[in-house]
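# Commentary on secondary and tertiary structure
The chain contents come next:
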Amino acid sequence: MAHRTALILGSTRSPSDLQHWPILGRWLRWRHARTSAQVVLLILALLVLYDGFFGPPLAPKNLAGVLPWVHWRGLVVLALLLVGNLFCFACPFLLPRRLARRLFRAQRAWPRWLPGKWLALVLLIVFFWAYEAFDLWASPLLTAWVIITYFVAAFLIDGFFRGAAFCKHVCPIGQFNFLGSLASPTVVTVRDPTVCASCVTKDCIRGHFNAAGKLAQHGCELGLFQPRKVGNLDCTFCLDCVHACPVQNVTLRLRVPLITELDPTVNRSGIGRLSNRPDWMLLVLGLTGLGFLNAFGMVSPVYAFLSWLSQTLHITSEGLLLALVFLAGVGLLGITALLAGLATSVLARARSPWWGFRQFVYSLAPLGFSMWAAHYLFHFLTGALTVVPLTQSFVMDVFGHPLLGWPAWHLASLLPMNVVHQFVLLVFAAGFFGSATWALVLGRHLQLRFHVVLPWIVLQVVLFLFGVWLLDQPMEMRGTLLG
Amino acid sequence: MWVLRVIIPLLLLSVLASNLIACQRGQQNSQVTVDIVSVKPSPPQVGAAELRLRLRDQRGQPIVGLGSVEVEGTMSHAGMKPVIVQAREEGDAVFVTQGFEFTMAGDWMIIVRGTWNGQAFEARTTIPGVRSGIQSPATPAHDQGSGATPTHE
């Protein structure tokens, strides 16, 4: 009891506990912290929708062409690398969900025939295919429709199914954020496990009920039971568990990235053992492969390659060509990873040929995420300041006067191009370091000799060299692939 | 089912509104169109370039006597610094850019701004497939001609 009191009074202070930080800690303890962040992003989303539907059709001149594709993507990866899953925390798509819950009082469970991440995986691939096939980045109108679709989908799905079905099973952005948050330096976790050991109410997952027996605060709707929660996977940083815990034993804490995430055989609350989750495995492979393919789509050689492919296969449909390239790219990575896993299984004399794949496939996650991060940060660092003239232009058009001054179109890059290039290479190299370290530390944990892990290191080196080559290619801002 | 009765009309209203009110901000003046007469170097590649543009009115007649217009080069993907230069009139409604530069490979949009008959206008065209200077594989469409294969909006 004394321990609980100490926790409530905050006497067990630790500099790694973000709730004890000045100002930030107070805000995090505020019950409406998430809502306040969501409202900010909702306002931005509404501005993007307005300009997407009613603004100029040119992406560089439209908030819907700039804010989502330059700023939001860059800030998402930056937040994941420097803080945590802030954009799930501040997700504006979930605000209408509250309305949906009041309207529908959803009681239905998510269908068992759609378990885990399978639907999200399919949607992720379809989204990135559509991104390339329909040049979403170049169309403010289509961008606005994507956002509308997101709002409607979150509203309907969470209005129909109980819990956080949209976040857990559907949202492609969320899955990207979950995997990216493996590298994040913060985690929502318990302060003192012994307090949880004596807890009987389990409010962090069941929710906190007031004296009248009414639900006063939701617990974790993604099924993550704090005492057994491992790492950041499936955690939206919603802080429901933080506010539900009656003794304030849950907090947001600094951590060493990746370290607690390495072992796929650990039984994670709400997830189980990653080594038994083919959907998560394919999600890692898919996001890694798509990261490289998406970057490949930005460099000059892709034109020559697609031209050659078009002539060889006699296919002129860009969508079909892209679908083939996507399948071939992710398939090639999958086959290579399976071969690496098979080699590891044979060298380790494992009973199952799948053992090596199931153990080590997750080690590709940092490399895959760093490819995305390098790509998105390139766009952000070379175009962050374009929001200034764009906002000036927006205000001028809407109010009829240059209230914020005449658009300063010369503003664009945050850093010189050569510095940006070095920086994104550094980010990508950090991802490779993370992946290689993951494989080596896991190998050591499993008491494997170096040559058993070597196939994965070789695969990571090959991917790293391919990525460095990609990042060294001249960038192309494309809107057409086949002329 | 009442939910669908609410949401579907809302969606239809959104579509209707987007079609009715779309492009009020930054809409180009359809009274003036711009054609690319030539691009040097051809095919266009990253680096300094000279664009020769021709302005026409709604009837297709050349627009003369403007003196100079502003030419902005920007790209299909947001986040790049636009290239904004002046183009001087050279006769026969042809305007020649001064100091224009393709700063990156890819698809470029060319926006021409000026004043005609006392009204500000904005006309757009595109120059697709600007190549980086160090390589020259072209897409099939770009192989079909020696020029910049401009398209017009």
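Please refer to the structure placed before this passage.
What counts, and where the lines are drawn
- Residues numbered from 1 in each chain as written.
- Chains lettered and ligands numbered in written order.
- Predicted model: local features only at pLDDT ≥ 70, side-chain atom pairs only at ≥ 80, totals over all residues.
- Heavy atoms only, no water.
- Helix = DSSP H or I, 4+ residues; strand = E, 2+ residues; numbered from the N terminus.
- Buried < 20%, exposed > 50% of the residue type's maximum accessible area, 1.4 Å probe, protein only.
- Contact = heavy atoms within 4.5 Å.
- Core = buried A, V, L, I, M, F, W, Y, C linked by side-chain atoms within 4.5 Å.
- Axes fitted to C-alpha atoms, helices over the stretch in contact; angles between N-to-C directions.
- Parallel < 35°, antiparallel > 145°, perpendicular 65-115°, else oblique.
- Left-handed = near helix turned anticlockwise from the far one by under 90°.
- Nonpolar A, V, L, I, M, F, W, Y, C, P; charged D, E, K, R; others polar.
- Salt bridge = Lys/Arg side-chain N within 4 Å of Asp/Glu carboxyl O.
- Patch = residues over 30% accessible without salt bridge, like charges linked within 9 Å, V, L, I, M, F, W, Y side chains within 5 Å.
- Areas by Shrake-Rupley, 256 points an atom, 1.4 Å probe, with all protein chains shown as cover.
- Lys, Arg positive; Asp, Glu negative; His and termini not counted.
- Charge placed at Lys NZ, Arg CZ, Asp CG, Glu CD.
- Pairing = 2+ DSSP bridges.

## Quick notes on the overall build of chain B
- Looking only at helices and strands, chain B has 2 helices and 10 strands in total.
- The order of helices and strands in chain B, counted from the N terminus, is α-β-β-β-β-β-β-β-β-β-α-β.
- With 153 residues in all, chain B has 44% of them scored as buried.
- A fraction of 57% describes how many contacts in chain B between residues 6 or more apart in sequence connect residues 24 or more apart.

## So, the nonpolar core
- By size, the foremost hydrophobic cluster in this structure holds 165 residues, and its most contacted members are Leu55(B) and Phe100(B).
- In terms of residue count, the dominant contributor to this core is helix H18 (residues 365-383) of chain A (12 residues).
- In this structure Phe100(B) touches Ala48(B), Ala49(B), Leu51(B), Val71(B), Gly73(B), Val83(B), Val85(B), Trp108(B) and Ile110(B), once residues within four positions along its chain are discounted.

## Focus on the packing of H18(A) against helix H20 (residues 417-445) of chain A
Residue and element names in this part refer to chain A.
- At their nearest, the axes of H18 and H20 sit 8 Å apart, and the two run at 165° to each other. As the angle between them shows, H18 and H20 are arranged roughly antiparallel. Of the two possible hands of crossing, H18 and H20 adopt the one that is right-handed. Listed contacts from H20 to Ala-365, Pro-366, Leu-367, Ser-370, Met-371, Ala-373, Ala-374, Leu-377, Phe-378, Leu-381 and Thr-382 of H18 are Met-417, Val-420, Phe-423, Val-424, Val-427, Phe-428, Gly-431, Phe-432, Gly-434, Ser-435 and Trp-438.
- Split into classes, the residues belonging to the contact of H18 with H20 amount to 17 nonpolar, 5 polar and no charged.

## Description of the pattern of salt bridges
Residue and element names in this part refer to chain B.
- Within the structure shown, the criterion is met by 20 salt bridges over all chains.
- In this structure, the salt-bridge partner of Arg-56 is Asp-35, at a minimum N-O distance of 2.8 Å. Placement of Arg-56 in strand S3 (residues 50-56) and of Asp-35 in strand S1 (residues 33-40) is noted, with a sequence separation of 21 residues between them.
- With a relative accessible area of 19%, Asp-35 lands in the buried category.
- Here Glu-70 and Arg-113 are joined by a salt bridge, their closest N and O atoms 2.8 Å apart. In this pair, Glu-70 sits in strand S4 (residues 68-75) while Arg-113 sits in strand S8 (residues 105-116), placing the two residues 43 residues apart along the sequence.

## A closer look at a positive patch on the surface
All names here are of chain A.
- A cluster of basic side chains, namely Arg-98, Arg-102, Arg-105 and Lys-214, defines a positive patch on the protein surface.
- Within the secondary structure, Arg-102 is located in helix H6 (residues 95-104).
- For Arg-102, a relative accessible area of 71% translates into the label exposed.

## Some points on the pairing of strand S5 (residues 83-89) of chain B
All names here are of chain B.
- Of the pairings in the sheet, the one linking S4 to S5 comprises 6 bridges and is antiparallel in character. Its bridge partner being in S5, Gly-73 is matched across the sheet by Val-83.
- With 3 bridges connecting them, S5 and strand S6 (residues 94-97) associate as antiparallel partners. Bridge assignment links Glu-89 to a residue of S6, and that residue is Phe-95.
- The loop that links S5 with its antiparallel partner S6 comprises 4 residues; one of these, Gly-91, has a positive phi angle of about 100°.

## What to know about the environment of Asp472(A)
Residues and elements named next belong to chain A.
- For Asp-472, the location among the structural elements is in helix H21 (residues 450-472).
- Looking at Asp-472, the relative accessible area reads 45%, which means it is partly exposed.
- Taking the C-alpha atoms as reference, Asp-472 lies 9.0 Å from Val-299; in sequence the two are 173 residues apart.
- Every residue in contact with Asp-472, bar those within four places of it in the chain, is listed here: His-421 and Leu-425.

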